[in-house]
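As a plain string of letters, each chain reads:
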Amino acid sequence: MSFDRDAVVSDAQVDVLLDAARLTPSAGNSQPWMFVVGRRGDATHARIARHLAPSSARWALDASVLVVNLAHILVEGTTWEYSEFARYDLGQAVVHMTIQGLALGVSAHQFRAFDRDGLAREFAVPAEWEVTSTTALGVPARVADDSPNSGTDRSRRSRADVTWARTVI
């Protein structure tokens, strides 16, 4: 995924993306997610950027928005699991944000190449929350259809390969 480093995802678009995540169903309506949102050029973006691995920084910094995705994993002040579905529910919220982005012409790339502990310290994330993943959001760069970054060379498993089809005897 390549992002147009000159394109801007507007504040209104970011609001729509966050609303898509906010309205996502969750187990017991627990909504076990939070987001740290940095827009390219603002202080939050710079704070996120310093914790990216070089392999991510090469392309993610071209995105208009960086979002740190947090899951509520423990009940405050305990070692009790908040929800066994917290990470799943966070994933759904990020997917809803991603699909809404596609409708707005905004692409998303989720990634994990960053300093998790560093981001948690940077934003004073409490122990009951987990820095789980990061999403780069932006306008896709225009590339030639036959270039390696066009997305056309990305293979996927077949439908049959991703469908559980065991026969019970």
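Up top you'll find the structure we're talking about.
A short tour of the structure in this document, coming up.

Here is what the cut-offs are and how they apply
Residues numbered from 1 in each chain as written. Predicted model: local features only at pLDDT ≥ 70, side-chain atom pairs only at ≥ 80, totals over all residues. Heavy atoms only, no water. Phe/Tyr/Trp six-rings, centres within 6.5 Å; stacked < 30°, edge-to-face > 60°. Helix = DSSP H or I, 4+ residues; strand = E, 2+ residues; numbered from the N terminus. Buried < 20%, exposed > 50% of the residue type's maximum accessible area, 1.4 Å probe, protein only. Lys NZ or Arg CZ within 6 Å of the ring centre and 35° of its normal. Axes fitted to C-alpha atoms, helices over the stretch in contact; angles between N-to-C directions. Parallel < 35°, antiparallel > 145°, perpendicular 65-115°, else oblique. Left-handed = near helix turned anticlockwise from the far one by under 90°. Contact = heavy atoms within 4.5 Å. Nonpolar A, V, L, I, M, F, W, Y, C, P; charged D, E, K, R; others polar. Expected span 1.5 Å × (residues − 1). Core = buried A, V, L, I, M, F, W, Y, C linked by side-chain atoms within 4.5 Å.

**Comments concerning the packing of aromatic side chains**
Inspection of the entire model under this criterion finds 3 aromatic pairs. Taking 5.1 Å as the distance between ring centres and 75° as the angle between the ring planes, the aromatic pair formed by Trp 59 and Phe 111 counts as edge-to-face. Separated by 52 residues along the polypeptide, Trp 59 in helix α3 (residues 54-60) and Phe 111 in strand β3 (residues 107-111) bring together distant segments of the chain. Here the two residues Trp 59 and Phe 111 agree in accessibility, since each one is buried. Ring plane angle 85° and centroid distance 6.3 Å describe the contact between Phe 111 and Phe 114, whose orientation is recorded as edge-to-face. Residue Phe 111 shares its accessibility class with Phe 114, and that shared class is buried. Ring pairs connect the aromatic residues Phe 3, Trp 59, Phe 111 and Phe 114, which therefore count as one cluster. The ring of Phe 114 has Arg 112 lying over it, and the distance from NZ or CZ to the ring centre is 4.9 Å.

**Things to note about the packing of helix α1 (residues 11-22) against helix α4 (residues 86-104)**
The geometry of α1 relative to α4 is characterised by a closest axis approach of 7 Å and an angle of 140° between their N-to-C directions. Put simply, α1 runs oblique to α4. Remark: the crossing between α1 and α4 carries right-handed chirality. When α1 is examined against α4, the residues Gln 13, Val 16, Leu 17, Ala 20 and Ala 21 are found in contact with a partner set consisting of Ala 93, His 96, Met 97, Gln 100, Gly 101 and Leu 104. Its residues assigned to classes, the contact of α1 with α4 comprises 7 nonpolar, 4 polar and no charged.

**Some points on unusual backbone geometry**
In this model, Gln 31 sits at a positive phi of 45°, which is unusual for a non-glycine residue. Among the structural elements, Gln 31 can be located in the loop between α1 and β1 (33-39). Non-glycine residue Ala 124 carries a positive phi angle of around 50°. Summarising the element assignment, Ala 124 is placed in the loop between α5 (116-122) and β4 (129-138). The exposed category is assigned to Ala 124, whose relative accessible area is 61%.

**Description of α4**
Counted at 1.5 Å a residue, the expected span for α4 with its 19 residues is 27 Å, and the 27 Å between its end C-alpha atoms agrees. Those residues of α4 not exposed but buried are Ala 86, Asp 89, Leu 90, Ala 93, Val 94, Met 97, Thr 98 and Gly 101. Tucked inside the fold, the buried residues of α4 contact α1, β1, β2 (65-72), β3 and β4. Residue Gly 105 follows α4 closely and has a positive phi angle near 85°.

**Topic: the nonpolar core**
Of all hydrophobic cores here, the largest spans 18 residues; its most connected members are Ile 48 and Ala 136. Residue assignment for this core shows that the elements contributing at least two residues are α3, β2 and β4. Contact partners of Ala 136, with chain neighbours within four places excluded, come to Phe 3, Trp 59, Ala 60, Ala 63, Val 65, Leu 66, Ser 107, Ala 108, His 109 and Phe 111.

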